[in-house]
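# Structure at a glance
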Amino acid sequence: MLLYLHIPFCDSKCHYCAFNSYTHLHHLRKAYMSAIMIQLESEFERFEVTKNSIETLFIGGGTPSCVSAQEYKPFFDFISPFLAADAEISTEANPNSATFTWLQGMYDLGVNRVSFGVQSFNVEKLKRLNRNHTPSDARQAIQNAKNIGFKNLSLDLIYGTDIDTQALLLHDIETAFSLPINHISAYSLTIEEGTKFFETPEVAHDDESQAFWFVKEIEKRGFQSYEISNFGTYQSKHNRGYWEYKDYLGVGSGAVGFLKDTRFYTQSDVHAYIKDPLNITIEALNEEDIKNEKILLGLRSNVGFSESILSHDERQKAQHLIEEKKITYHDKRYYNNDFFLSDELTLYITS
Ligand SMILES: C[S@@+](CC[C@H](N)C(=O)[O-])C[C@H]1O[C@@H](n2cnc3c(N)ncnc32)[C@H](O)[C@@H]1O
Ligand code: SF4
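These lines cover the structure that appears in this document, whether it is placed above or below. From a predicted model like this one, the values you see are computed outputs, not experimental measurements. (Residues numbered from 1 in each chain as written. Chains lettered and ligands numbered in written order. Predicted model: local features only at pLDDT ≥ 70, side-chain atom pairs only at ≥ 80, totals over all residues. Heavy atoms only, no water.)

## Structural notes on the overall build of the chain
Within the chain, the secondary structure is distributed over 12 helices and 15 strands. Here the C-alpha coordinates of the chain stretch approximately 55 × 50 × 40 Å along the principal axes. Looking at the chain as a whole, 52% of its 351 residues are labelled buried. For the chain, restricting intrachain contacts to residue pairs at least 6 apart in sequence, the fraction spanning at least 24 positions comes to 71%. For the chain, the exposed surface amounts to about 16,100 Å²; the carbon and sulfur share of it is 50%. On the chain, the mean spot of the 33 positive side-chain charges and the mean spot of the 48 negative ones are 4 Å from each other. (Helix = DSSP H or I, 4+ residues; strand = E, 2+ residues; numbered from the N terminus. Buried < 20%, exposed > 50% of the residue type's maximum accessible area, 1.4 Å probe, protein only. Contact = heavy atoms within 4.5 Å. Areas by Shrake-Rupley, 256 points an atom, 1.4 Å probe, with all protein chains shown as cover. Lys, Arg positive; Asp, Glu negative; His and termini not counted. Charge placed at Lys NZ, Arg CZ, Asp CG, Glu CD.)

Below you can see the structure in the form of structure tokens.
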């Protein structure tokens, strides 16, 4: 079982970001952290969580480093008996608020993996994205995390913006690899409704050959691709858990949970969530939805998917893709040879 905790606070809003995150709600932090405890208790009952059964915890956002380590203490006190001995405990962090003190506090609580929202090491690009940190903030935060003793460190990069040149992207990759990380998430800029960039969609340059080149440059330096946007010598167990279709608890405003064939949605309005953290919308998934998701998630990653979920017709289509060398088959599972083609391949098999 996986556990996700959502923190909806940010110090500034990035021009590309449509995540459930707000810059003007910091005064609600205390009330929010109390509300998550109410939902957490209730979800533990719904999911019948037993001792040592939580394999991974991921604290995401928003910006988890907007909440002090001390404020997370009741949450960790509650969940610790339920964590597996070797649980992966990750948090996202923004380089400007992940101070040495914050990182040390999170480490002391048991966090063993930090994923930094770096995006770029180029000052102009950071400004364009409306990030509020500098390249040296990012380098310092990652170095601090290493010195504190975190084993697993990751950073996020964004590519596919209008100011990207080969030289700029190469500098981003080389700087990333000069740091003590074992994982990179590299996202192609997507234009999302409701963001600042939605007014100027030309800031995104969807250049397939550049994307292909960028990914190869990361792989060339020894970080294996295990999903369309994820690379490393370490593969995040939490990410893999989603693609393997494991059950997950989702706690916090706008978080989503999943149990067997049902999804649970909390309220994404932070005020409303605090008022009633147990107001949860339930969505029942049908067999078709589940099958299509298993195929897409399996093809976007090295998890693959089982032959047993396909109909006779779909197996024939999959066979055709094997002959075309688009996918491979072993141990009764199909695996994608090129994650960039996952959407098209899923559509081909399922339509
Ligand atoms: C929740 S944020 C990470 C943590 C923290 N809030 C931060 O930004 O430093 C998750 C990541 O998603 C990526 N992301 C968000 N919106 C995106 C978009 N529209 N296009 C590409 N990447 C995006 C960014 O790389 C970001 O670091
Ligand atoms: S990318 Fe991260 S810091 Fe920027 S607005 Fe989104 S959640 Fe906040």
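## Looking at the packing of aromatic side chains
Following the criterion strictly, the structure yields 17 aromatic pairs and no others. A centroid spacing of 5.7 Å and a plane angle of 55 degrees characterise the contact between Tyr226 and Trp243, whose relative ring orientation is tilted. One end of the pair, Tyr226, is in strand S7 (residues 224-227); the other, Trp243, is in helix H8 (residues 237-243), and 17 residues separate them in sequence. Just as Tyr226 is buried, Trp243 falls in that class too. These aromatic residues form a ring-pair network of at least three members: Tyr242, Tyr245, Tyr248 and Phe258. The side chain of Lys216 reaches across the aromatic face of Phe212, ending 5.0 Å from its centre. (Phe/Tyr/Trp six-rings, centres within 6.5 Å; stacked < 30°, edge-to-face > 60°. Lys NZ or Arg CZ within 6 Å of the ring centre and 35° of its normal.)

## Brief notes about the site of ligand 1
Around ligand 1 sit 18 residues in total, of which Gly62, Gln119, Arg131, Asp156 and Thr190 are the nearest. In this structure, Asp156 approaches ligand 1 through a side-chain N or O atom, which is 2.6 Å from an oxygen atom. Interatomic distance of 2.9 Å between a backbone N/O atom of Thr190 and a nitrogen atom of ligand 1. When isolated, ligand 1 has an accessible area of 560 Å², and the protein chains bury 93% of it. Residue classes in the shell around ligand 1 are distributed as 6 nonpolar, 8 polar and 4 charged. (Near = heavy atom within 4 Å. Polar contact = N/O pair within 3.5 Å; in protein donor to acceptor, adjacent residues only side chain to side chain. Nonpolar A, V, L, I, M, F, W, Y, C, P; charged D, E, K, R; others polar.)

## A look at helix H1 (residues 29-46)
If you check H1, its first and last C-alpha atoms are 26 Å apart, about what 18 residues at 1.5 Å a residue would give, namely 26 Å. Looking at H1, one finds that the buried residues are Tyr32, Met33, Ala35, Ile36, Met37, Gln39, Leu40, Glu43 and Phe44. Structurally, H1 contributes buried residues whose contacts are with strand S1 (2-7), strand S2 (54-61), helix H2 (69-79), strand S9 (248-251) and helix H9 (270-275). With its phi angle positive at about 45 degrees, Glu48 sits one or two positions after the end of H1. (Expected span 1.5 Å × (residues − 1).)

## A closer look at the nonpolar core
As a rule of thumb, soluble globular proteins bury nonpolar side chains together. Of all hydrophobic cores here, the largest spans 73 residues; its most connected members are Tyr72, Phe75, Phe116 and Leu155. Top element by residues in this core is H1. It accounts for 7 residues. Apart from residues no more than four positions distant in its own chain, Leu155 is found in contact with Phe116, Val118, Phe121, Ile142, Ala176, Leu179, Ile181, His183, Ile184 and Ser185. One finds Leu310, Ala318, Ile327 and Tyr334 within the second-largest nonpolar core, a separate group that totals 10 residues. (Core = buried A, V, L, I, M, F, W, Y, C linked by side-chain atoms within 4.5 Å.)

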